[in-house]
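# Breakdown of the fold
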Amino acid sequence: MKGRQIQRLLILLIALLLVESGILRAQDLSVAMNGNGEWISRFEPLEFTLSRPVSVGEHITLIIGTTDVTNLCTTHNDTLSYNPQAVPLPSGSVNVSVFLVTPDGTWTSVGSYTLNVLTSTGFEKTLVTPSITLSNKGQLAEDHFPEANAPARRRFQELNGQTALKVDIERSGVSVGLGFNAVGVSFSQEALRFGEKGEDASKIDLASYLFETRTGRTTLSAGHISHGRSRHLLSGFSSRGISATTAIGTFADLSGSVLNGTSIVGWDNLLGIENPSHRLFSGTLGLEILPQDPGTVRIEGSYVYGSQLPLNNSNQAQVNDAEQSNGGSVRLLLSDPGKNITVDAGFTKTRFTNPVDPLLSQGIDIVPVEATTRQARYADVTWDVFRNATLLDALPARLNVAFRHERVDPLYRAVGASTRADNLQNTYELHGGVGPLQLDLTHLQSEDNLAEIPSVLKTKTRQTGANAVLSPSSMPDMLPPWLPTFSYGLNSTHQFGVSTPTNSEFTPDRVPDQVTTSHTAGIEWQRSSLRLGYRGTF
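Basis of the calculations
- Numbers given for residues are sequential positions, taken from 1 along each chain in its written order.
- Local features in this predicted model are restricted to residues of pLDDT 70 or higher, and side-chain atom pairs are both shown and tallied only at a pLDDT of 80 or more, whereas totals for entire chains, interfaces and linings draw on every residue.
- The basis for the side-chain values is all heavy atoms of the structure; hydrogens and waters are excluded.
- Put simply, DSSP H or I for four residues or longer makes a helix, DSSP E for two residues or longer makes a strand, and each gets a number counted from the N terminus.
- Each residue gets one of three labels from its accessible area relative to the maximum for its type: buried under 20%, exposed over 50%, partly exposed in between, using a 1.4 Å probe on protein chains only.
- What makes two residues a contact is simply this: any of their non-hydrogen atoms within 4.5 Å.
- Two joining distances apply to patches: 9 Å for like charges and 5 Å for nonpolar side chains (Val, Leu, Ile, Met, Phe, Trp, Tyr), and every residue must have over 30% relative accessible area and no salt bridge.
- Per-residue accessibility takes into account occlusion by the displayed protein chains alone, with areas from the Shrake-Rupley method and a 1.4 Å probe.
- Salt bridge, as used here, is a side-chain nitrogen of Lys or Arg placed within 4 Å of a carboxyl oxygen of Asp or Glu.
- DSSP calls a pair of strands paired once it identifies at least 2 bridges connecting them.

Moving on, we get to the side chain of Asn260. By the secondary structure assignment, Asn260 is in strand β16 (residues 252-260). Taking the relative accessible area as the measure of exposure, Asn260 reaches 3% and is therefore buried. Setting aside anything within four residues of it in sequence, one finds Asn260 in contact with Phe237, Ser239, Arg240, Asn269, Gly272, His278 and Leu280.

Next comes the structure, spelled out in structure tokens:
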């Protein structure tokens, strides 16, 4: 009995030695792949250098992605080669795994790599996303009375369509993107530019497009773009044009654009800058005073020169005079390291004029409009007094206060900016809550006639708003979840004249003094898919 146990023990020891020998043998082998990490084509041969030749009974298994390509490999001494002519490499980031298989069938990983494989078009990234939408609008029958009320078309069928294409390609750190949207109609009066060209409007027209190329931290764009970060000079003005942005180290960034004076569509004037009298030139320089902590102290300077002719917008018809303006602005952004207190303030100065327009003067001598220089300023200050705080060890609490100031001179005007002139406004805000209760308070004070012209009525506005919401469902551990949500809102507006204008038909009893107050209350239950509520205003 003891002899058999000793025999079994010897057999077990021999097996363990064989397994250990295979493991050590596998650990003794390492593999290096030539060109690891570089971008290669889909047909680039791969070579793997082995630290030692493969022993008798061993073999190498090569897996690319999820495909075992071992049978397509050749081995010569300490080199394993794979030529992907028959089975091209998959595009993108591809995992490559090399295993050593021992005579007893044990697989041991001896190499793991990542291949960067170009697309079939030779780019690192190629993404093409087309789309097309077709719709039919029709009327099969119609009836009317009397006959004079007959519509222009009693029965009709219209086929409308929209096609879009988005292309993104990238190679060697340079990326290019192109997107466009075209609209087609069968009925001429539904054409994109029928209001502008009438029956001559194309039934298939370009609605929008955008071409972008990016390299490093520089971007060039052409097409329908938006530019401007100055509230009173140029803020998100959208039109067709060209723009460029770049970063200078970590402390500065620069952007500039040339835009058409109004929003346009269509295949003509693709860049939007054909008419020199209907353009906006803008540039912005931003400086990070503390580049190690971006946003703590930032200064932006902007300049805009704009010239507009009395031309219709692509989606808005209007008749106005030719306009020109040029101006500059300075913007200051401040915050503490924790972003609890933030300041956004700006000052703008612009010179505006109406140049002589022959289409309006019609050969008649008129008094030219004098150029005016006006100013505007604003300041927004917010303070998170506390956030994510806890009261009584159970109630989450939050409190935010804000002050907003804005002053715009009388007759202030800047081409490309929609700003209400002759206005002084101060707003006080408080937003907070405790547990399920949310409270918002605002108070606004504004006035006009800042030049104090005696013959012009000066009006002031005082507006107060309050909103409170009690939502038990936000704290199910404290309040029963079946309780409804209660809401209450107050809005009170007082508008009044300050004095009686001189040289006018105003009398003291005609000076406006109006107070409007409204209350809104609501209650709402929601259980699963059932929702029931009531809201009233009085």
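So, about a nonpolar patch on the surface. A cluster of nonpolar residues, Ile248, Phe251, Leu254, Leu285, Leu287, Ile289, Leu290, Ile299, Val330, Leu332 and Leu334, forms a patch on the protein surface that exposes about 830 Å² of accessible area. For the nonpolar patch, the secondary-structure elements that each account for two or more residues are β17 (279-288) and β19 (323-335). Take the nonpolar patch: its biggest share by element is three residues, from β19. Mapped onto the secondary structure, Leu285 falls in strand β17.

Bringing the sheet that holds strand β9 (residues 107-117) into the picture now. Read from one edge to the other, the open sheet built from five strands follows the order β2-β9-β8-β4-β5, with strand pairing classed as mixed. The open sheet has two edge strands with one neighbour each: β2 (39-40) and β5 (67-68). Pairing between strand β8 (residues 92-101) and β9: ten bridges, direction antiparallel. Counted as the bridge partner of Asn95 is Thr114 from β9.

We now examine the pairing of strand β20 (residues 341-353). Alignment of β19 against β20, held across twelve bridges, turns out to be antiparallel. Along β20, the bridge assignment pairs Leu333 with Asp344. Connecting β19 to the next strand, β20, in antiparallel fashion are five residues, including Lys339 with a positive phi near 60°. As defined by bridge partners, β20 adjoins strand β21 (residues 372-391) across twelve bridges and the pair is classed as antiparallel. Bridge assignment links Asp344 to a residue of β21, and that residue is Asp380.

A separate point is the pattern of salt bridges. As enumerated under the stated definition, the model contains 26 salt bridges in all. For Arg153, the salt bridge is made with Glu158, and the minimal N-O distance between the two is 2.3 Å. Residue class for Arg153 comes out partly exposed when judged on its relative accessible area of 28%. As a salt-bridge pair, Glu429 and Arg404 come within 3.0 Å of each other at their nearest N and O atoms. Of this pair, Glu429 sits in strand β23 (residues 423-434) while Arg404 sits in strand β22 (residues 395-408), and the two are 25 residues apart along the sequence. What makes Glu429 buried here is its relative accessible area of 17%. Classification of Arg404 as partly exposed rests on a relative accessible area of 28%. The network of salt bridges with shared partners includes Arg229, Asp253, Glu288, Arg298, Glu300, Arg331 and Asp344.

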